[in-house]
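Fold and geometry: a report
Residues per chain, in single letters:
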Amino acid sequence: MAQFSQYSRRDFLKTSLAAGAIAGAGSLPLNAERQTATDWVTLGRSNVHVTRLAFGTGSMSGQVQRDLGQEQFTRLVRYAYDRGIRFFETSESYGEMHKMLGIALQGLPRESYRIMSKVTTYHEVDPQQKFDELRTLANTEYFDIMLLHYQHTPTWPTDTRKWQDAILEAESRKVIVSHGASVHGLPALRLVPGNEWLKVAMIRVNHNGTRMDAEVPDAPMLGNVSEVVTHVHQARKEGMGVISMKLVGEGVFNHEDRQKAMRFAFKTAGVDSVTVGYKSTAEVDEAIANLNLALV
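Summarised in this report is the structure supplied together with it. Keep in mind that this is a model prediction, so the values were computed, not measured.

In this section: the overall build of the protein chain. Each helix and strand in the protein chain was counted, giving eleven helices and ten strands. Long-range pairs, those at least 24 residues apart, make up 75% of the contacts in the protein chain with a sequence separation of at least 6. Only carbon and sulfur atoms are counted for the fraction: they give 54% of the accessible area of the protein chain, which is about 14300 Å².

Structure follows, in structure tokens:
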């Protein structure tokens, strides 16, 4: 009798699980796969594949990361790499971060990660020499993405023509794969949709407007969230890849707001990828968890 009861229970459990699976099938797409923070995604027509979550090196213009020192920074980069973050973002204006990042990534297969750099466009320098200088500092043969950094005027598309042409020349030399711009302020952001040169746009996005775009770039006021989201939607509709920055309000958000901002960026604004600056392994783990939660 005991043997019969055990068999019946096992049979019942199998039947219940099967019934549950059938019932759930109507609410889930066939072959649905759970999205995660470390999935590889394509940045629009750039055709560059990056992880959905990036490692930013520009917290307070890189001061936070520089203060870690090379040894601790390298450990943090390797930790993020091992956790699946394979997209690294830096800038000419972040002090020593090209060099520190190059040292941290040394020895890892170049094809296993992506690097995005940002170049300052108002200096009277030879662009090709600048690209080569940054490549040497970062110890890389090429950058996967090069952005025109901190475009904040309503005339930036014409003001940066020299740099746009130079990036296209660098792409022909195979030292840059694709390109775009990072923008600050609504006057500059309004010129992103409809810009045929742009393949990637880096845009400030969070749920409450902290450190986001307003009429005056970087003014101490909340940004216009609804207008920013409208421009993000239009840019993506036109085939641009969109990367979100300022997701944690430049470090001022608490845990609840960091979760809200992550969900807003992906579920409401609909960005492709987001960059976050870290100073500890705990922050890396939290960002991965927050993004995984946002994608549920």
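Along the polypeptide, asparagine 206 turns up in the loop between β8 (200-204) and α9 (225-237). You can call asparagine 206 buried: its relative accessible area is 0%. Of the polar contacts made by the side chain of asparagine 206, one reaches the backbone oxygen of threonine 210; its length is 2.6 Å. Only 3.1 Å separates the side chain of asparagine 206 from the backbone oxygen of lysine 246, close enough to count as a polar contact.

Next up on the list: the pairing of strand β7 (residues 176-183). Consecutive residues of a regular strand have side chains that alternate between opposite faces of the sheet. Burial within β7 is extensive, with seven of its eight residues counted as buried. As paired elements, β7 and β8 share three bridges and run parallel to each other. Along β8, the bridge assignment pairs serine 182 with methionine 202.

The terminal C-alpha atoms of helix α7 (residues 161-172) lie 17 Å apart, and with twelve residues this matches the ideal 16 Å at 1.5 Å per residue to within 8%. Of all the positions in α7, only Trp163, Gln164, Ala166, Ile167, Ala170 and Glu171 are classed as buried. Take α7 and look down its axis: the buried residues cluster within an arc of 165 degrees, on one side only. Check the buried side of α7 and you find it contacts β5 (114-119), α5 (127-138), β6 (143-151), α6 (156-159) and β7.

Rules behind the numbers
Residues numbered from 1 in each chain as written. Predicted model: local features only at pLDDT ≥ 70, side-chain atom pairs only at ≥ 80, totals over all residues. Heavy atoms only, no water. Helix = DSSP H or I, 4+ residues; strand = E, 2+ residues; numbered from the N terminus. Contact = heavy atoms within 4.5 Å. Areas by Shrake-Rupley, 256 points an atom, 1.4 Å probe, with all protein chains shown as cover. Buried < 20%, exposed > 50% of the residue type's maximum accessible area, 1.4 Å probe, protein only. Polar contact = N/O pair within 3.5 Å; in protein donor to acceptor, adjacent residues only side chain to side chain. Pairing = 2+ DSSP bridges. Expected span 1.5 Å × (residues − 1). Arc of directions from axis to C-beta.

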